[in-house]
Amino acid sequence: TQLLEQSPQFLSIQEGENLTVYCNSSSVFSSLQWYRQEPGEGPVLLVTVVTGGEVKKLKRLTFQFGDARKDSSLHITAAQPGDTGLYLCAGSNFGNEKLTFGTGTRLTIIP
Amino acid sequence: EPEVTQTPSHQVTQMGQEVILRCVPISNHLYFYWYRQILGQKVEFLVSFYNNEISEKSEIFDDQFSVERPDGSNFTLKIRSTKLEDSAMYFCASSDYESGYGREAFFGQGTRLTVV
């Protein structure tokens, strides 16, 4: 069974600060997705990373896939209250249909 | 922007009753999924569906569950005899096999099922 552990589980920081959340596994994934989920809603896809070492930027969000494709990080620069939410990583493998979701990081940005 | 839509948004049912959760995936997508999220827990895979048949299912997806694509647009999840532990948020998702980026899945807003 492949598992994805996210850390920290909860993070509360002031507006304008930088932060990094992590997604780690002992297993290799073909690709890894990051989602954001608001209360009572479905996960919304932010980005997909496929290549080991890949870095993708989405405005103030920077996503990195580890060289061995076992881990990933999400870095947010100058956090804003609109960044508040539950951040989920999810891994998948070619030839296997399912997404394996991580445990989630609940981020709160204090104005 | 295309989106996955789910109905109803909330469903309350009595234990032992049958429920059908409905989804309209993104129109040009080929893979369809159901996931569930029990309150405060991880999102869990239930089943995937491709080419009019189940392609993968989890241990959760036992004989009480079934999926169907009755026409060209709808995708349904049926729970035959609901149990209290089936209470959860159920998410439908779809993906485009041709994306080339593995299984990028786009999720619906979810159906909150409460079994009483």
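Coordinates for the structure precede this section.
Residues numbered from 1 in each chain as written. Chains lettered and ligands numbered in written order. Predicted model: local features only at pLDDT ≥ 70, side-chain atom pairs only at ≥ 80, totals over all residues. Heavy atoms only, no water.

## Some thoughts on the interface of chain A and chain B
Where we set the bar: Contacts are assigned to residue pairs that have any heavy atoms within 4.5 Å of one another. Buried area: the accessible surface (1.4 Å probe) lost by two parts on joining, summed over both. Between Lys or Arg on one side and Asp or Glu on the other, a salt bridge is scored when a side-chain nitrogen of the former is within 4 Å of a carboxyl oxygen of the latter. Helix and strand assignments follow DSSP, with helices taken as H or I runs no shorter than four residues and strands as E runs no shorter than two, numbered in order from the N terminus.
Chain A puts 23 residues into the contact, and the matching count from chain B is 22 residues. At the boundary of chain A with chain B, total buried surface from both sides reaches about 1900 Å², with 56% on carbon and sulfur atoms. Per-residue buried area on chain A facing chain B is highest for A:Glu97, A:Leu99 and A:Phe101; these three make up 31% of the total on that side. One can count 0 salt bridges joining chain A with chain B. Elements with a contribution of two residues or more to the side of chain A that touches chain B: strand 4 (31–37), strand 5 (44–49) and strand 9 (85–92) of chain A. The element that contributes the greatest number of residues to the side of chain A that touches chain B is strand 4 of chain A, accounting for 4 residues.

## Digging into the sheet that holds strand 8 (residues 71–76) of chain A
All names here are of chain A. Put simply, the rule reads: Only when DSSP finds a minimum of two bridges between them are two strands counted as paired. Angles run from 0 to 180 degrees between N-to-C directions of axes, and those axes are lines fitted to C-alpha atoms, restricted for helices to the stretch in contact.
Strands sit in the order 1-3-8-7-6 across an open sheet of 5 strands; the sheet is antiparallel. Looking at which strands have only one partner, the edges of the open sheet turn out to be strand 1 (5–7) and strand 6 (55–58). Neighbour-to-neighbour, the strand axes of the sheet open up by a mean angle of 15°, direction not taken into account.

## Digging into the side chain of A:Ser25
All names here are of chain A. Rules: Type-normalised accessible area, obtained with a 1.4 Å probe on protein chains alone, sets the label of each residue: buried when under 20%, exposed when over 50%, and partly exposed for intermediate values. We call two N or O atoms a polar contact when they sit within 3.5 Å, provided that within protein one can donate a hydrogen and the other can accept it, with sequence-adjacent residues counted only if both atoms are side-chain atoms.
Locating Ser25 in the fold gives a position in the loop between strand 3 (19–24) and strand 4. Note on Ser25: relative accessible area 15%, which makes it buried. At 2.8 Å, the side chain of Ser25 and the backbone oxygen of Leu3 are in polar contact. A distance of 2.9 Å separates a polar atom in the side chain of Ser25 from the backbone nitrogen of Ser27. Once residues lying within four places of it in the same chain are set aside, the contact partners of Ser25 are Leu3, Leu4 and Lys70.

## Structural notes on the nonpolar core
Note the following rule: Definition used in this section: a nonpolar core is a set of buried Ala, Val, Leu, Ile, Met, Phe, Trp, Tyr and Cys residues joined via side-chain atoms within 4.5 Å.
One finds B:Trp34, B:Leu46, B:Phe61, B:Val67, B:Phe75, B:Leu77 and B:Tyr90 to be the most contacted residues of the largest nonpolar core, which totals 21 residues. Listing elements by their share of this core, those giving two or more residues are strand 3 (19–24), strand 4 (31–37), strand 5 (43–50), strand 7 (65–68), strand 8 (75–79), strand 9 (88–95) and strand 11 (111–115) of chain B. Ranked by size, the runner-up nonpolar core spans 20 residues in total, among them A:Cys23, A:Trp34, A:Phe65 and A:Ala79.

## Points about the pairing of strand 8 of chain B
Residues and elements named next belong to chain B. Of all 5 residues in strand 8, 4 are buried, a share of seventy percent or more. Pairing analysis gives 5 bridges linking strand 3 to strand 8, with the strands arranged antiparallel. Bridging across to strand 8, Arg22 finds its partner in Thr76. Direction of pairing for strand 7 relative to strand 8: antiparallel, over a ladder of 4 bridges. Counterpart to Glu68 in the pairing with strand 8 is Thr76. A loop of 6 residues connects strand 7 with strand 8, the two strands running antiparallel in sequence.

## Some points on the packing of aromatic side chains
Residue and element names in this part refer to chain B. Going by this rule: Pairing of aromatic rings covers Phe, Tyr and the six-membered ring of Trp, with a centre-to-centre limit of 6.5 Å; geometry is then stacked below 30 degrees between planes, edge-to-face above 60, and tilted otherwise.
Under the definition given, this model contains 14 aromatic pairs over all chains. Seen from their ring centres, Phe32 and Phe75 are 5.6 Å apart, and the 40° between their planes marks the pair as tilted. Taken together, the residues Phe32 in strand 4 and Phe75 in strand 8 connect sequence positions 43 residues apart. With respect to burial, Phe32 and Phe75 carry one shared label: buried.

## Notes on the pairing of strand 5 of chain B
Residues and elements named next belong to chain B. Of all 8 residues in strand 5, 6 are buried, a share of seventy percent or more. Pairing geometry for strand 4 and strand 5, over 7 bridges, is antiparallel. Looking at the pairing, Trp34 lines up with Val47 of strand 5. Turn length for the strand 4-strand 5 hairpin, with the two strands adjacent in sequence and antiparallel, is 5 residues, and the turn residue Gly40 shows positive phi of about 80°. Alignment of strand 5 against strand 6 (residues 53–57), held across 4 bridges, turns out to be antiparallel. The residue bridging Phe49 from the neighbouring strand is Ile54, located in strand 6. Joining the antiparallel neighbours strand 5 and strand 6 is a turn of 2 residues, in which Asn51 adopts a positive phi near 55°.

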